[in-house]
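Now for the letters of each chain:
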Amino acid sequence: MCKWLQVSPSGFFDWRKRPQSASAQRRDRLAGLIKEAFEASDETYGYRRIHAQLQRWGVPSGPELVRDIMRELDLRPCQPRPWRVGLTEADGREHRIPDLLGQDFSATRPGEKMVGDITYIPTWEGWLFLATVIDCHTKMVVGYAMDENYKTPLIEAALRHAAGRVEFVPRAIFHSDRGSNYTSSEFAGAISELGLRHSVGRTGICYDNALAESFFAALKNERVHRTAYPTRKHARRDITRYIEFWYNRHRLHSGLDYRTPHEVLAEWNNTQNAA
């Protein structure tokens, strides 16, 4: 080997005895922290969120360096599966419910704009349906409900759950798709009772409810598709744990400058208390 590299054997062994350079030591320490952050995320974070986590720990690094080390360590976050058709079923009737969001999912305070949607979770007992309500300011899942069907009482239960956890501003907006349960007279009564304005997106345009779709994509990719649920009870517990203890409190959200929904809510409450 020394002959091929055109170096002397004594020079090679002298190189082997030299102490590790400062840059190599820093890279090794960084690799350990990257692996720690990756495992703490249940192997869900890509290099951008790992970089954000390192910044929160006060560890200086660049995103490209983090990506390079993750490749070197073969740390691969779980990948999303191909998108499949959701549960939106229009009833064929014309509804005069406007789109009040226009794909603008920003809000100046909690309880100003909410989005809702339904997805399904496979279990060995059959489907478990999950309805959620997400606050546009904090990106927090403030309301949810699960059942064996996705009829109107399910989405109403999720909305009332949200009403018990966040203070709605007067004439706050609740946005959903044009599914038959969301456009039913029964749900319209719940919307009116809670003092909300109803908003719906266009049929078949997922971008009109992108915030809700994004949460379901994260839930499926990071949890559901990596887990087998023997019973609906198992699924309920696991999904509740994901929402309450991971997504709302610890998962860094790209739409919040890589802060957590709980941190954004705490910041809002602190500003109100200071005022």
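Computed from a predicted structure; not experimentally measured.

Novice: Teacher, can you tell me more about the overall build of the chain here?
Specialist: Helices and strands together make up the secondary structure of the chain, namely ten helices and five strands. Relative to a compact globule of 275 residues, whose C-alpha radius of gyration would be 19 Å, the chain shows 24 Å and is clearly more extended. Expressed as lengths along the three principal axes of its C-alpha atoms, the size of the chain is roughly 85 × 50 × 30 Å. Out of the 275 residues belonging to the chain, those deemed buried represent 45%. Considering only contacts in the chain between residues 6 or more positions apart, those separated by 24 or more positions represent 66%. For the chain, the exposed surface amounts to about 15500 Å²; the carbon and sulfur share of it is 51%. Mean positive and mean negative side-chain charge positions of the chain (39 and 34 charges, respectively) differ by 5 Å.

Novice: I tried to follow the sheet that holds strand β3 (residues 141-147) on my own but got confused; where do I start?
Specialist: Whether parallel or antiparallel, the strands of a sheet pair through hydrogen bonds between backbone atoms. Taken together, five strands build an open sheet; the order of strands is β3-β2-β1-β4-β5 and the sheet is mixed. What marks the edges here is a single partner per strand, and that holds for β3 and β5 (197-200). When the angles between neighbouring strand axes are averaged without regard to direction, this sheet yields 25°. Direction of pairing for strand β1 (residues 113-123) relative to strand β4 (residues 173-176): parallel, over a ladder of three bridges. Along β4, the bridge assignment pairs V115 with H175. Lying on the sheet, helix α6 (residues 152-163) is in contact with β1, β2 (126-135), β3 and β4; it crosses β3 at an angle near 150°.

Novice: Would you explain the pairing of β2 in this entry?
Specialist: Strand residues, when the strand is regular, have side chains that alternate between the two faces of the sheet. Counted residue by residue, β2 has eight buried out of ten residues, so it is predominantly covered. Here β1 pairs with β2 via ten bridges, running antiparallel. Paired with I118 across the two strands is A131, which belongs to β2. Joining the antiparallel neighbours β1 and β2 is a turn of two residues.

The rules behind the values
Residues numbered from 1 in each chain as written. Predicted model: local features only at pLDDT ≥ 70, side-chain atom pairs only at ≥ 80, totals over all residues. Heavy atoms only, no water. Helix = DSSP H or I, 4+ residues; strand = E, 2+ residues; numbered from the N terminus. Rg over C-alpha atoms; globule rule 2.2 N^0.38 Å. Buried < 20%, exposed > 50% of the residue type's maximum accessible area, 1.4 Å probe, protein only. Contact = heavy atoms within 4.5 Å. Areas by Shrake-Rupley, 256 points an atom, 1.4 Å probe, with all protein chains shown as cover. Lys, Arg positive; Asp, Glu negative; His and termini not counted. Charge placed at Lys NZ, Arg CZ, Asp CG, Glu CD. Pairing = 2+ DSSP bridges. Axes fitted to C-alpha atoms, helices over the stretch in contact; angles between N-to-C directions.

Limitation: the analysis is restricted to geometry and does not speak to function.
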